[in-house]
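Listed below, chain by chain, are the residues.
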Amino acid sequence: MNFNFYSSRKERLENSSISTQQAYERRSSKNFFKRNPHLKIMLIDLLLVLLFAVIIIPFFIKITKDVRIDDYKISSKAVLFEENILLSIKIVKVNKKIISKIGTDQIKIDIMNDDVLLESKNSYFPKIIDDKIYITFIIKETLIKDFVSINFVSGKFNKKVKIAIEQ
């Protein structure tokens, strides 16, 4: 074994092993990301997280058409059938702990067209977890063209939703 010490970095690298020389060549690269591969991985992870947080999750939330009130989930669907629009609203009690209730035990559903009330129904919320209540409406196609406007009212809760009509 040789115990010579070289004060110059260049001389030390010339006498070092091949793997050390290759590692130094990668480190001395001009490209910032080649010198810091861990930073490159972190930026790719950050981009993936931002992609999910900004684009994908809000896109799927808009598609679901669900309305949440206290421990209830309300989903609705409008279908064009013959010359009528069939509107189905499903209310499901989910297993969720609520601290302060904003709704009552009853819900009022208003079908609107240009701020004109077409139909209205009242219903009680289900009492048992995973129990479902279906509320249906039949509306003439001539009254509504593109979408159905629904207004859900229960206690302090008031939500207006537009449902696209499926063919």
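Throughout, a residue's number is its position along its own chain's written sequence, starting from 1. Thresholds applied to this predicted model are a pLDDT of at least 70 for local features of residues and 80 or more for the giving and counting of side-chain atom pairs; totals over whole chains, interfaces and linings are not thresholded and use all residues. Heavy atoms from the whole structure form the basis of all side-chain values; hydrogens and water molecules are not counted.

Caption draft 1: Looking closely at the overall build of the protein chain. A helix here means a DSSP run of H or I that spans at least four residues, while a strand means a run of E at least two residues long, and both kinds are numbered starting from the N terminus. Helices and strands together make up the secondary structure of the protein chain, namely four helices and eight strands. Ordering the α and β elements of the protein chain from the N terminus gives α-α-α-α-β-β-β-β-β-β-β-β. In terms of overall dimensions, the protein chain is more spread out than a globule: its C-alpha atoms have a radius of gyration of 31 Å, far above the 15 Å expected for 167 residues. For the protein chain, the spread of C-alpha atoms along the three principal axes comes to 95 × 40 × 25 Å. With a 1.4 Å probe rolled over the protein chains alone, any residue whose accessible area is under 20% of its type maximum counts as buried; one over 50% counts as exposed, and the rest are partly exposed. Within the protein chain, the fraction of its 167 residues that count as buried is 25%. Any two residues having at least one pair of non-hydrogen atoms within 4.5 Å are treated as being in contact. For the protein chain, restricting intrachain contacts to residue pairs at least 6 apart in sequence, the fraction spanning at least 24 positions comes to 52%. For the radius of gyration, the atoms used are the C-alpha atoms, and the globule rule reads 2.2 Å times the number of residues raised to 0.38.

Caption draft 2: How the structure looks around the packing of aromatic side chains. Classification of ring pairs uses Phe, Tyr and Trp, with its six-membered ring standing for Trp, and accepts pairs whose centres are within 6.5 Å; under 30 degrees between planes counts as stacked, over 60 as edge-to-face, and the remaining range as tilted. All told, the structure shown has one aromatic pair when counted by the stated rule. For a ring to carry a charge above it, either NZ of a lysine or CZ of an arginine must fall within 6 Å of the ring centroid while also lying within 35 degrees of the normal to the ring plane. One cation-aromatic arrangement involves Lys121 over Phe137; the distance from NZ or CZ to the ring centre is 4.8 Å.

Caption draft 3: Geometry of a nonpolar patch on the surface. Here a patch means residues that are over 30% exposed by relative accessible area and free of salt bridges, tied together within 9 Å if like-charged and within 5 Å if nonpolar (Val, Leu, Ile, Met, Phe, Trp, Tyr). In this description, accessible areas are obtained by the Shrake-Rupley approach with a 1.4 Å probe, and a residue is regarded as covered only by the protein chains that are shown. Any carboxyl oxygen of Asp or Glu within 4 Å of a side-chain nitrogen of Lys or Arg constitutes a salt bridge here. There is a patch of nonpolar side chains on the surface, built from Phe32, Phe33, Leu43, Ile44, Leu46, Leu47, Leu48, Leu50, Leu51, Val54 and Ile55 and spanning about 990 Å² of accessible area. The set of elements that each furnish at least two residues to the nonpolar patch consists of helix H3 (32-35) and helix H4 (37-64). In terms of residues, the nonpolar patch owes the most to one element, H4, which gives nine residues. Inspection of the secondary structure puts Ile55 in helix H4. Judged by relative accessible area, Ile55 falls into the exposed class, the value being 52%.

Caption draft 4: Broad picture of the pattern of salt bridges. Applying the stated criterion to the full structure yields two salt bridges. We note a salt bridge from Lys93 to Asp71, for which the minimum N-O separation is 2.6 Å. Here the residue Lys93 occupies a position in strand E3 (residues 84-93), and Asp71 occupies one in the loop between strand E1 (66-69) and strand E2 (72-81), the gap between them amounting to 22 residues. Accessibility expressed as a relative area gives 12% for Lys93, which makes it buried. In this structure Asp71 comes out as buried when scored by relative accessible area, which is 8%. Ionic pairing is found between Lys77 and Glu166, a salt bridge with its closest N-O pair at 3.9 Å. Of this pair, Lys77 sits in strand E2 while Glu166 sits in strand E8 (residues 157-166), and the two are 89 residues apart along the sequence. On the basis of relative accessible area, Lys77 is assigned to the partly exposed category, the value being 43%.

Caption draft 5: A look at the side chain of Asp110. Relative to the helices and strands, Asp110 is located in strand E4 (residues 106-113). Side-chain polar atoms of Asp110 contact the side chain of Ser120, separated by 2.7 Å. Counting of polar contacts relies on pairs of N or O atoms within 3.5 Å, with two restrictions inside protein: one atom must be capable of donating a hydrogen and the other of accepting it, and residues adjacent in sequence are counted only when both atoms are side-chain atoms.

Caption draft 6: Fine view of the nonpolar core. We call a set of buried Ala, Val, Leu, Ile, Met, Phe, Trp, Tyr and Cys residues a nonpolar core when their side-chain atoms join them within 4.5 Å. Residues Ile89, Ile109, Val148, Ile150 and Phe152 are the most contacted members of the largest nonpolar core, which totals 25 residues. Those elements giving two or more residues to this core turn out to be E1, E2, E3, E4, strand E6 (132-140), strand E7 (147-154) and E8.

Caption draft 7: Just unusual backbone geometry, in detail. One non-glycine residue, Glu82, adopts positive backbone phi at about 55 degrees. Position of Glu82 relative to the elements: it lies in the loop between E2 and E3. Residue Asp130 is not a glycine yet carries a positive backbone phi of 70 degrees. Structurally, the position occupied by Asp130 is in the loop between strand E5 (116-124) and E6. According to the relative accessible area criterion, Asp130 is exposed, its value standing at 56%.

Any functional reading would require information beyond the geometric quantities listed.
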